[in-house]
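Fold and contact review
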Amino acid sequence: MSARKHTALPKAQILIEALPWLTRHHGRTVVIKFGGNAMVDEELKAAFAQDVVFLRHAGLKPVVVHGGGPQISAQLDKHGLVSEFKAGLRVTTPEAMDVVRMVLAGQVQRELVNLLNQHGPLAVGLTGEDAHTISATRHRPLIDGEAVDIGRVGQITEIDTGAIEALLDDGRIPVVSSIARSADDGHVYNVNADTAAAALAAALGAETLMVLTDVEGLYEDWPHSDDVISRLTASELEKLLPELSSGMVPKMEGCLYAVRNGVHTARVIDGRVAHSILLEIFTDEGIGTMVVPDAAGTSANASVNEGGQA
């Protein structure tokens with residue numbers, strides 16, 4: 001009997017540690033941007049699906065948003081189409097857009113929905129085209145001060161959360177591909193998935209936006225130090241944006257947009273760590289970098305050195 005007690009006690013302590021977080025997040029919407037290594041590693045994919053289902057059974061309302069950069073590049077190669085990037089965005093010709101749509105809605109989304117549904121009839125896939133969930137116009141980024149045409153790349157103009165909210169009310173897990181319907185010209189657009197996740201989180205009034213990355217979080221003084229900033233305010237993040245690597249910019253801009261538009265916290269977490277979502281939401285330590293609205297923040301020094309994530 002004592003041996004059984006001994007092995008069970010740590011499990012009980014772990015569950016009790018999660019209790020305040022379970023209470024705080026119960027009934028709240030969490031938008032999770034799925035990407036990076038977690039998207040291509042089989043074990044990490046399975047762990048991600050378990051985490052999302054756990055959130056749902058723990059009383060939260062998870063919404064998953066995904067892109068599919070590596071899969072799109074591989075498929076374009078197969079079709080003999082060159083992957084070209086300008087201003088950090090994929091140049092998307094009409095031919096490339098057909099491939100993007102096929103990969104996101106027909107491959108990446110299907111695989112993720114099936115992984116989630118191994119645990120019950122939970123996940124439903126949709127794209128931004130469905131029920132006008134995401135509308136966009138053609139995005140022309142500025143390069144050296146000139147607006148450049150990069151094809152079917154969209155800038156979000158409107159979010160309609162009706163279909164997602166109906167699914168959440170029915171106890172489902174929406175899985176959203178970052179494709180948008182046109183607000184003006186009848187075309188379909190490729191939308192950055194970090195941007196789409198942030199816009200959806202704000203429109204849904206989510207408690208939290210979580211963005212999976214292939215780094216531990218936002219580094220305090222990269223490349224001179226690998227200390228991760230555990231918490232910072234919107235204003236502190238805004239000052240750091242010009243110094244960030246190009247890959248982190250859309251993620252951190254998304255976090256900034258989210259907390260400035262009603263989302264309580266936005267977190268960048270390491271998707272290379274199995275069960276990183278549960279570690280971030282349900283433990284005292286937390287992992288990754290959390291962004292909070294200015295009113296909720298503290299001074300820069302205190303925020304950088306603070307321990308657990310709220």
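Residues numbered from 1 in each chain as written. Predicted model: local features only at pLDDT ≥ 70, side-chain atom pairs only at ≥ 80, totals over all residues. Heavy atoms only, no water.

What follows is about the nonpolar core. By size, the foremost hydrophobic cluster in this structure holds 42 residues, and its most contacted members are Ile 32, Phe 48, Leu 116 and Phe 282. Breaking this core down by element, the ones donating at least two residues are α1 (2–25), β1 (29–34), α2 (42–57), α3 (69–78), α4 (94–116), β10 (173–177), β13 (208–213) and α9 (276–282). Sequence-distant contacts of Phe 282, that is, excluding residues within four places in its chain, are made with Glu 17, Ala 18, Trp 21, Leu 22, Phe 54, Leu 55, Ala 58 and Leu 60. If you look at the next biggest cluster of nonpolar residues, it comprises 41 residues, including Ala 196, Leu 237, Leu 241 and Ala 258. (Core = buried A, V, L, I, M, F, W, Y, C linked by side-chain atoms within 4.5 Å. Buried < 20%, exposed > 50% of the residue type's maximum accessible area, 1.4 Å probe, protein only. Helix = DSSP H or I, 4+ residues; strand = E, 2+ residues; numbered from the N terminus. Contact = heavy atoms within 4.5 Å.)

What follows is about the side chain of Asn 190. Locating Asn 190 in the fold gives a position in strand β12 (residues 188–190). Leaving out residues up to four positions away in the same chain, Asn 190 has contacts with Thr 92, Met 97, Val 100, Arg 152, Val 153, Gly 154 and Ser 178.

In this section: the environment of Glu 220. Following the sequence through the fold, Glu 220 ends up in the loop between β13 and β14 (231–233). On the accessibility criterion, Glu 220 (42% relative accessible area) is partly exposed. In sequence terms Glu 220 and Leu 240 are 20 residues apart; their C-alpha atoms lie 9.6 Å from each other.

Along strand β15 (residues 265–270), six of the six residues are buried, which leaves the element largely enclosed by surrounding structure. Burial along β15 is two-sided: the residues Thr 265, Arg 267 and Ile 269 and Ala 266, Val 268 and Asp 270 are all buried. Two elements, β13 and β15, share six bridges in a ladder whose sense is parallel. The residue of β15 that forms the bridge with Leu 212 is Ile 269. Two elements, β15 and strand β16 (residues 289–292), share three bridges in a ladder whose sense is antiparallel. Bridging across to β16, Arg 267 finds its partner in Met 290. (Pairing = 2+ DSSP bridges.)

This next bit is on helix α8 (residues 249–259). Burial analysis of α8 places eight of its eleven residues in the buried class, the great majority of the element. The secondary structure elements touched by the buried residues of α8 are β1, α6 (193–204), β13, α7 (234–240), β15 and β16.

What follows concerns the environment of Glu 253. The topology assignment puts Glu 253 in helix α8. Accessibility expressed as a relative area gives 43% for Glu 253, which makes it partly exposed. A sequence separation of 102 residues divides Glu 253 from Gly 151, and the C-alpha atoms of the two residues are 22 Å apart.

What follows concerns the side chain of Lys 45. Looking at the element boundaries, Lys 45 is found in helix α2. In this structure Lys 45 comes out as buried when scored by relative accessible area, which is 6%. Residues contacting Lys 45, with those up to four places away along its chain left out, are Phe 34, Ala 38, Met 39, Val 40, Glu 111 and Leu 115.

Turning next to the sheet that holds strand β5 (residues 123–127). Pairing is mixed in the open sheet, where eight strands are placed in the order β5-β10-β2-β1-β13-β15-β16-β14. The sheet terminates laterally at β5 and β14, the two strands that pair on one side only. Neighbour-to-neighbour, the strand axes of the sheet open up by a mean angle of 20°, direction not taken into account. (Axes fitted to C-alpha atoms, helices over the stretch in contact; angles between N-to-C directions.)

All right, on to the sheet that holds strand β6 (residues 134–138) then. If you trace the four strands from one edge of the open sheet to the other, you get β9-β6-β11-β12, paired in mixed fashion. Each edge of the sheet is formed by a strand with only one pairing partner; in this case those strands are β9 (154–159) and β12. Here the strands of the sheet are splayed against their neighbours by 50° on average, with no regard to which way each runs. Of the pairings in the sheet, the one linking strand β11 (residues 179–182) to β12 comprises three bridges and is antiparallel in character. When the sheet's bridge partners are listed, Arg 181 is paired in β12 with Val 188.

In this section: the pairing of β10. Counted residue by residue, β10 has five buried out of five residues, so it is predominantly covered. Residues Ile 173, Val 175 and Ser 177 line one face of β10 and the alternating positions Pro 174 and Val 176 line the opposite face, and both faces are buried. Here strand β2 (residues 61–66) pairs with β10 via three bridges, running parallel. Opposite Val 65, over in β10, you have Val 176 as the bridge partner. In this structure, β5 lies alongside β10, joined through five bridges in parallel fashion. Among the inter-strand pairings, Val 124 is bridged to a residue of β10, identified as Pro 174.

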